[in-house]
Amino acid sequence: MTSRGACVPHFVRGVTEVMLRRVTPAPSPCGAKRLAGGPDTQFRWIVESGFLPSRAGALRGMTGQGKPQKDGEREHKRSPCVGLPLSLDHDQEKLVTAINQVVEHFRTHFSSTPEGVWEAPGRVNLMGEHTDYNHGLVLPIALPQRTYAAVRRRDDSLVRLMSVGMPPAQAIPITDIAPGSPKGWERYPAGVIWAFANHGYADQVTGIDAVFTSEVPVGAGLSSSAAIEGAMAVALSDLWDLGLTKDDQGRATLANLAQSAENIIAQAPTGGMDQAACLRSREGHALYLDCADQSIRHIPFRLDDTGLALLVIDTRATHAHSTGEYGHRRSDCQEACAILGIDTLREISVDDLDGVLKRLPNDRLRRRVRHIVSETHRVRLSAQAMEAGDFVELGKLFVDSHASMRDDYEISCPELDVAVIASLECGALGARMTGGGFGGSAIALVYRQSLREMMEWIGSAFDQKGFATPDFLVAEAGRKAGRVAY
Ligand code: ADP
Ligand code: MG
């Protein structure tokens, strides 16, 4: 990150006046404050240096060359230096470009100015697949890739939503938001408004205009849905002055609201991992989340000094959370619980697993339960390996996890299996599919110096099978959702 003391204004791309500057600590929990005037006066943006994205080598098809992040709590720290950077580094430029883009679209679309811009990350899960709705453990990281939301309150109760590159959404009164309505992409952010209105915040709810733009690949298993929900949730909390972004307890509430938007309004029966990763993570750390009581621990996850990198392989095979197989897996788990006389599969310890499996009537249920119980155990072991810096062990756990998802839980697909096998053939320490499955992405723990070779190898393996060319990104543990500009 650039660190310059001279006070030289830096204006970016004329239309929206964006000023990046280092500032003294602001009272805002989310790292930005208004410089001058209200939303109707000349518009200015201020972005705190401590709140800028990590220097992630996270562009598709590129090797990551991240510089070490010394401060895992950077998102909470503010530079004491007041001044303006002379030039923007790559990530600052990307952030400013994203802010400009979303603000410009807002102005064009709604002929007014947003009250602020908020961002929220996608996520990639390191371990613990389908364990969240079984009250088990998960271990995701927030990605540096973000979804941005420019938002403004309205005087009436209309909701108007727009997303760059997505079909236009109809304006809808808040009272018309209900399960199955609206039907398009906008059900995710509209669902968040509904969740606030129906879970204790009805008095604060106003109409909303919002524009979104996203760097998170949509439908790639990297949780673009939680990113758009998370961006909406932090925006509404700030605009309605609910204070829920200030501490982890408030953020846990936001994650629950976002999850109910996804479950009830978008009607996707997912667990709460994605929203927690988006709203409660810490930069440079994986989020060890116990879905039984929603308690968290932050496990350091920085690969910079290890010579390793986390390669995300987006297979571009489609997956379907809201229909079909995902729901079937949930039903299998519920059926097993009913037979075993327990509320959740979390109640089964790994030591008791063999005995429990004997009480199940068929092989399908036995395999489902074995995956969930062993996968939760692998989250514990993964966290221990990461804390010990034992990435060889972490790689082995990736491989075990993939086998469990492929054979026992049956949520892999040919593209994911090829991505994993090709990664291992090319020297990865470990690889596994990640996310809900049936397509989407795999992750591989690889030597940084062999990244390019690895991507070529995986690409040619896909080519040989006649699969679509995969996309790649190199993941680092990014920061949680918050406000980036007024
Ligand atoms: P994933 O969360 O893995 O990307 P999902 O199927 O859960 O995949 O969610 C993808 C859906 O979320 C999209 O089809 C769209 O409806 C919605 N969505 C996500 N990001 C955006 C965005 N930036 N703009 C509009 N809709 C989005
Ligand atoms: Mg999703």
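For every chain, the first residue of the written sequence is number 1, and numbering continues from 1 along that sequence. Just so you know, chain letters begin at A and ligand numbers begin at 1, following the order they were written in. Side-chain atom pairs in this predicted model are given and counted only at pLDDT of 80 or more, local residue features only at pLDDT of at least 70, and totals for whole chains, interfaces and linings cover all residues.

Chemist: Please explain the site of ligand 1 as it appears in this structure.
Modeler: Taken together, 18 residues lie around ligand 1, and Ser163, Trp185, Ser214, Ser224 and Ser225 are the ones closest in. Helix and strand assignments follow DSSP, with helices taken as H or I runs no shorter than four residues and strands as E runs no shorter than two, numbered in order from the N terminus. Among the elements that line the shell around ligand 1, the one with the most residues is helix H3 (residues 224-239), at three residues. Residues are grouped as follows: Ala, Val, Leu, Ile, Met, Phe, Trp, Tyr, Cys and Pro are nonpolar; Asp, Glu, Lys and Arg are charged; all remaining types, including Gly, are polar. Taken together, the residues that form the shell around ligand 1 break down as nine nonpolar, nine polar and no charged. Placing the C-beta atom from the backbone, one calls a residue near a molecule or strand if that atom lies within 6 Å of it.

Chemist: Help me understand the packing of helix H2 (residues 187-198) against H3 in this model?
Modeler: In a packed pair of helices, the relevant descriptors are the angle between the two axes and the axis-to-axis distance. Between N-to-C directions, angles span 0 to 180 degrees; the directions come from axes that are lines fitted to C-alpha atoms, helices contributing only their stretch in contact. Contact geometry of H2 with H3 gives a least axis separation of 8 Å together with a crossing angle of 40 degrees. Considering their axes alone, H2 and H3 lie oblique with respect to each other. For the pair H2 and H3, the sense of crossing is right-handed. Touching Tyr188, Pro189, Val192, Ile193 and Phe196 of H2 are Ser225, Ile228, Glu229, Met232, Ala233 and Leu236, all from H3. Every angle not falling under 35 degrees, over 145, or within 65 to 115 is termed oblique; those three ranges are roughly parallel, roughly antiparallel and roughly perpendicular. Crossing chirality is assigned from the near helix's rotation relative to the far helix, an anticlockwise turn below a right angle marking it left-handed and a clockwise turn marking it right-handed. Throughout, a pair of residues is in contact if the C-beta atoms placed from their backbones lie within 7 Å.

Chemist: What exactly am I supposed to notice about helix H9 (residues 391-408) here?
Modeler: Since the α-helix turns once every 3.6 residues, residues separated by three or four places project in the same direction. The end-to-end C-alpha distance of H9 is 25 Å, a good match for the 26 Å that 18 residues give at a rise of 1.5 Å each. In this scheme every C-beta is placed from the backbone, and a residue whose C-beta has 20 or more other C-beta atoms within 10 Å is buried, one with 12 or fewer is exposed, and one in between is partly exposed. Among all positions of H9, only Leu394, Gly395, Leu397, Phe398, Ser401, His402, Ser404 and Met405 are buried. In this structure, the buried residues of H9 make contact with helix H8 (363-387), helix H10 (414-425), strand S12 (430-434) and strand S13 (441-447). Phi for Glu410, located one or two positions after H9, is positive at around 55 degrees. Every helix has an expected span of 1.5 Å times one less than the residues it contains.

Chemist: It is not clear to me how the sheet that holds strand S10 (residues 295-300) should be interpreted in this structure. Could you clarify?
Modeler: Note: strands within a sheet are paired through backbone hydrogen bonds, in either parallel or antiparallel orientation. Across the sheet, three strands lie side by side as S4-S9-S10; this open sheet has antiparallel pairing. Because the sheet does not close on itself, it has two edges, and the strands there are strand S4 (137-138) and S10. Sheet topology note: the strand S9 (residues 285-290)/S10 ladder contains six bridges and is antiparallel. Note that in S10 the partner of His285 across the bridge is Pro300. Sheet contacts for helix H5 (residues 273-280): S4, S9 and S10; angle to S9, the most-contacted strand, approximately 135 degrees. Any two strands with at least two DSSP-identified bridges between them are counted as paired.

Chemist: Looking at this structure, how should I read the sheet that holds strand S15 (residues 482-485)?
Modeler: The six strands lie next to each other as S7-S6-S8-S5-S3-S15, forming an open sheet whose pairing is mixed. Each edge of the open sheet carries a strand with a single partner, namely strand S7 (172-173) and S15. Strand direction decides the pairing type here: strand S5 (residues 140-154) and strand S8 (residues 207-214), joined by eight bridges, are antiparallel. For Val151, the partnering residue across the bridge sits in S8 and is Ala210. Sitting on the sheet, H3 is in contact with strand S3 (116-125), S5, S8 and S15, with an inclination near 145 degrees to S3.

Chemist: Any chance you could explain the environment of Trp457 here in plain terms?
Modeler: Its place among the elements puts Trp457 in helix H11 (residues 451-465). Sequence separation between Trp457 and Ser423 is 34 residues, and the spatial gap between their C-alpha atoms is 7.9 Å.

Chemist: Hey, could you run me through the nonpolar core in this one?
Modeler: Burial of nonpolar side chains together is a common tendency in soluble globular proteins. Counting 119 residues, the largest nonpolar core has Ala149, Ala231 and Leu311 as the members making the most contacts within it. No other element matches H3, which puts nine residues into this core. Domain start and stop positions are those given by an automatic or database domain assignment. Of the residues that make up this core, three or more belong to each of domain 1 (4-61 + 72-83 + 302-475) and domain 2 (89-301 + 479-485). Residues contacting Ala231, with those up to four places away along its chain left out, are Trp118, Glu119, Ala120, Thr147, Tyr148, Ala149, Phe212 and Ala481. One finds Cys333, Ala336, Ile372 and Val373 within the second-largest nonpolar core, a separate group that totals seven residues. A set of buried residues drawn from Ala, Val, Leu, Ile, Met, Phe, Trp, Tyr and Cys, joined through C-beta atoms within 7 Å, is what defines a nonpolar core.

Chemist: I'm lost on unusual backbone geometry in this one. Help?
Modeler: Backbone geometry follows two general trends: most residues other than glycine have a negative phi, and most peptide bonds adopt the trans configuration. In this structure, the amide linkage connecting Ser181 to the following residue, Pro182, adopts the cis form with an omega of 0 degrees. Relative to the assigned elements, Pro182 resides in the loop between S7 and H2. A positive phi is found at Ser223, a non-glycine position, where the angle reads about 65 degrees. Along the polypeptide, Ser223 turns up in the loop between S8 and H3.

Chemist: Would you take a moment to explain the pairing of S13 for this structure?
Modeler: Every regular strand shows the same layout, with side chains that alternate between the two sheet faces. Burial runs high along S13: six of the seven residues are buried. Here seven bridges tie strand S11 (residues 308-314) to S13, and the two strands are oriented antiparallel to one another. In the sheet register, Asp314 faces S13, and the bridge partner there is Ser441. Relative to S13, S12 runs antiparallel, the two sharing five bridges. Looking at S13, one finds that Thr434 is bridged to Ser441. If you look at the hairpin formed by S12 and S13, you'll find six residues sitting between the two strands, and Gly435 has a positive phi there, around 90 degrees.

Chemist: What should I look at first to understand the confidence of the model for the protein chain in this one?
Modeler: Should the pLDDT be low somewhere, the predicted coordinates at that spot are not to be read in detail. The score called pLDDT rates the predictor's confidence residue by residue, from a low of 0 to a high of 100. Scored by pLDDT, the protein chain comes out at a mean of 84, with 80% of its residues at no less than 70. Long-range and interchain partners of residues 1-87, a stretch whose pLDDT sits below 50, account for 189 contacts in this model, where long-range means more than four residues apart.

Chemist: What is the right way to read the environment of Gln259 from this model?
Modeler: For Gln259, the position within the fold is in helix H4 (residues 248-265). Spatially, the C-alpha atom of Gln259 lies 8.4 Å from that of Glu229, the residues being 30 residues apart in sequence. Those residues in contact with Gln259 that lie beyond four places of it in its chain are Gly272 and Gln275.

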